[in-house]
Amino acid sequence: METARTVLVLLTLMVAGICARHWGKKIFITYGQYFLALGLILTSYADSYALLIMALMITGIGGGFTEALINPLVVDLHAEDSGKYLNIANAFYPIGVMAGALIFGELLTLGYSWRLMFRIAGIGALIMGVLFHISRFPTPIEAEHSSAHVISDILRQPGFWLFAAAIFLGAGVESSFTFWSRSYVETYLADVPRAGAIAVVIFAGTMAVGRLLSARLSEFMSLRTLMMRSAILGVLVSSAILFTNSLIAFYILLALAGFAAACFWPTILAEADACLSVDTTMLFVMLACFGIAGFGLTPWIMGVMGDSAGLKAGFLVIPGLFIGLILVLTLERRIPN
């Protein structure tokens, strides 16, 4: 199911990036919310696996439009201080994860149908679509070059591949804790479903706070320094998690991991925009493709390792991701700002 949705997200990302250069972002962001609402509502009425897959693929289209264009829109609105405002905007992703875990989890515990959860989410997406529809957007700038020329130009930049590797690794860290923290708690620390749900909420909550804090710190230090210090903290915290046998200690380390993982996705986008003189919308779309690939692939690798050698072995991947980030960021320092 997740693969079907993600494939549509990736395909839609590129289509949205190319089309938005010619017709502007508003129409695609707006209809992305409408597609998301339609897919979520259809999911709630699914009575077969085939219909469920189709509905989730429609949500993938809506998610792809949104993922492709929200961050470029933030840069359009705040070009002079994009690192700060990208972190603020992206803080609301983990806030959404946290709110969903708490609200929908509690409703399910009270006995409400899972179908209601999708209808509530669908109504939320519909409301956002209407709000975007009636909002004013920056005037689109006429594209000077064809999309093929822009994509080719980006791919020829060595710096692009460093930023692509960085966002792949950073997204992998984020998804690793989001997908597997609950299972880790229930496997090794406390066989209580709510204890695992609290772990997800702690990570998402501290990641949201971390992004807001990163927005503030970006006024006092360079984006490169912020990311490097976060990666070093991540190596220390994710390594320590492997040796803890206390639920409270795990929660504390997980909170620190949320702070360590927080800045990467939005800050990598801001740093790439500052370092590479290319079309921002298409740059962000192409980097998002690598980010989504990392977000989806890393938990799967951890699951394969967990099946063969235990979940703790799977968690060894996370310090490796942070070390990879340190190496990539060290190379990235050679790119002139």
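Our structure's up above, just so we're on the same page.
Residues numbered from 1 in each chain as written. Predicted model: local features only at pLDDT ≥ 70, side-chain atom pairs only at ≥ 80, totals over all residues. Heavy atoms only, no water.

Trainee: Would you mind showing me how to read the overall build of the chain here?
Mentor: Counting its secondary structure elements, the chain contains 15 helices and zero strands. Relative to the globule expectation of 20 Å for 337 residues, the C-alpha radius of gyration of the chain, 20 Å, shows essentially globular dimensions. Over its C-alpha atoms, taken along the principal directions, the chain stretches across nearly 60 × 50 × 35 Å. When contacts within the chain are restricted to residue pairs at least 6 apart in sequence, those whose partners lie at least 24 apart make up 83%. Approximately 15600 Å² of the chain is accessible, and the part contributed by carbon and sulfur atoms is 69%. For the chain, the distance from the average site of its 18 positive side-chain charges to the average site of its 19 negative ones is 3 Å. (Helix = DSSP H or I, 4+ residues; strand = E, 2+ residues; numbered from the N terminus. Rg over C-alpha atoms; globule rule 2.2 N^0.38 Å. Contact = heavy atoms within 4.5 Å. Areas by Shrake-Rupley, 256 points an atom, 1.4 Å probe, with all protein chains shown as cover. Lys, Arg positive; Asp, Glu negative; His and termini not counted. Charge placed at Lys NZ, Arg CZ, Asp CG, Glu CD.)

Trainee: Explanation requested: the environment of Ala240 in the structure shown.
Mentor: By the element assignment, Ala240 lies in helix H10 (residues 223-241). Residue Ala240 is classed as partly exposed on the basis of its relative accessible area of 30%. C-alpha of Ala240 to C-alpha of Ile61: the two residues are 179 residues apart in sequence and 39 Å apart in space. (Buried < 20%, exposed > 50% of the residue type's maximum accessible area, 1.4 Å probe, protein only.)

Trainee: Just to check I follow, could you spell out the side chain of Glu332 for this structure?
Mentor: Mapping Glu332 onto the fold places it in helix H15 (residues 317-332). For Glu332, the side chain forms a polar contact with the side chain of Arg224, separated by 3.1 Å. When near neighbours in sequence (up to four residues on either side) are disregarded, Glu332 contacts Leu162, Phe163, Arg224, Glu271 and Cys275. (Polar contact = N/O pair within 3.5 Å; in protein donor to acceptor, adjacent residues only side chain to side chain.)

Trainee: Whenever I open this one, the packing of helix H3 (residues 49-77) against helix H4 (residues 82-90) confuses me. Can you help?
Mentor: Axis angle and axis distance: for two packed helices, these are the angle between their axes and the distance between the axes, and together they describe the pair. Orientation of H3 relative to H4, taken along the N-to-C sense of each, is 140 degrees, at an axis distance of 9 Å. Taken as axis vectors, H3 and H4 run oblique relative to one another. Where H3 crosses over H4, the handedness of that crossing is right-handed. Packed against H3, whose contacting residues are Asn71, Val74 and Val75, the element H4 presents Ser82, Tyr85, Leu86, Ala89 and Asn90 at the interface. Partitioned by chemical class, the residues of the contact of H3 with H4 number five nonpolar, three polar and no charged. (Axes fitted to C-alpha atoms, helices over the stretch in contact; angles between N-to-C directions. Parallel < 35°, antiparallel > 145°, perpendicular 65-115°, else oblique. Left-handed = near helix turned anticlockwise from the far one by under 90°. Nonpolar A, V, L, I, M, F, W, Y, C, P; charged D, E, K, R; others polar.)

Trainee: Just checking my understanding: could you explain the nonpolar core for this structure?
Mentor: In summary, soluble globular proteins display a tendency toward joint burial of nonpolar side chains. Within the largest apolar cluster, 83 residues are counted, with the highest numbers of intra-cluster contacts made by Phe177, Phe264, Leu283, Leu287, Phe315 and Phe322. Element by element, the count of residues in this core is highest for helix H8 (residues 158-189), at twelve residues. Apart from the residues within four sequence positions on either side, Phe315 is in contact with Phe177, Trp180, Ser181, Tyr184, Ile241, Leu242 and Met302. (Core = buried A, V, L, I, M, F, W, Y, C linked by side-chain atoms within 4.5 Å.)

Trainee: For this particular structure, what's the right way to read helix H7 (residues 147-155)?
Mentor: An α-helical turn contains 3.6 residues, so a residue and the one three or four places further along point in the same direction. Here H7 has its buried residues at Ser147, Val150, Ile151 and Ile154. The buried residues of H7 occupy an angular sector of 95 degrees when the element is viewed end-on, so they sit on one face. (Arc of directions from axis to C-beta.)

Trainee: How should I be thinking about the environment of Leu226 in this particular structure?
Mentor: In this fold, Leu226 is placed in helix H10. Taking the C-alpha atoms as reference points, Leu226 and Cys263, separated by 37 residues in sequence, lie 7.8 Å from one another. Not counting residues within four places of it along the chain, the set of residues in contact with Leu226 comprises Ser214, Leu217, Met221, Cys263 and Thr267.

Trainee: Could you clarify how one ought to interpret the packing of aromatic side chains in this entry?
Mentor: Two descriptors summarise a pair of aromatic rings, namely the distance from one centre to the other and the angle between the planes of the rings. Taken as a whole and assessed by the stated rule, the structure comprises 15 aromatic pairs. Taken together, a centroid distance of 5.1 Å and an interplanar angle of 35 degrees make the contact between Phe177 and Phe203 tilted. Separated by 26 residues along the polypeptide, Phe177 in helix H8 and Phe203 in helix H9 (residues 193-217) bring together distant segments of the chain. Each member of the pair, Phe177 as well as Phe203, is classed as buried. (Phe/Tyr/Trp six-rings, centres within 6.5 Å; stacked < 30°, edge-to-face > 60°.)

Trainee: For this particular structure, what's the right way to read a nonpolar patch on the surface?
Mentor: Together, Ile123, Leu126, Ile127, Met128, Val130, Leu131 and Ile134 make up an exposed nonpolar region whose accessible area comes to about 630 Å². Within the element layout of this structure, Leu131 appears in helix H6 (residues 114-133). (Patch = residues over 30% accessible without salt bridge, like charges linked within 9 Å, V, L, I, M, F, W, Y side chains within 5 Å. Salt bridge = Lys/Arg side-chain N within 4 Å of Asp/Glu carboxyl O.)

Trainee: When you look at the pattern of salt bridges in this model, what are you seeing that I'm missing?
Mentor: In a structure, side chains of opposite charge can pair up when their charged atoms sit close to one another. Inspection of the entire model under this criterion finds eight salt bridges. Between Asp76 and Lys25 there is a salt bridge, and its shortest N-O distance comes to 2.7 Å. Note that Asp76 is positioned in helix H3 and Lys25 in the loop between helix H1 (2-23) and helix H2 (26-44), a separation of 51 residues in sequence. By relative accessible area, which is 14% here, Lys25 ends up buried. The network of salt bridges with common partners includes Lys84, Arg216 and Glu219.

Trainee: Even after reading the chapter, I still don't get the packing of H8 against helix H12 (residues 264-275), so can you show me in this structure?
Mentor: Following both chains from N to C, one finds H8 and H12 inclined at 170 degrees, their axes separated by 9 Å at the closest point. In terms of their interaxial angle, H8 and H12 are classed as roughly antiparallel. Contact residues: Phe163, Ala166, Ile167, Gly170 and Ala171 in H8; Phe264, Trp265, Ile268, Leu269, Glu271, Ala272 and Cys275 in H12. Considering only residue class, the contact of H8 with H12 consists of ten nonpolar, one polar and one charged.

Trainee: Where do I start with the environment of Leu56 in this structure?
Mentor: Relative to the assigned elements, Leu56 resides in helix H3. Distance from Leu56 to Leu8, taken between C-alpha atoms, is 9.2 Å for residues 48 residues apart in sequence. Setting aside anything within four residues of it in sequence, one finds Leu56 in contact with Met1, Arg5 and Thr43.

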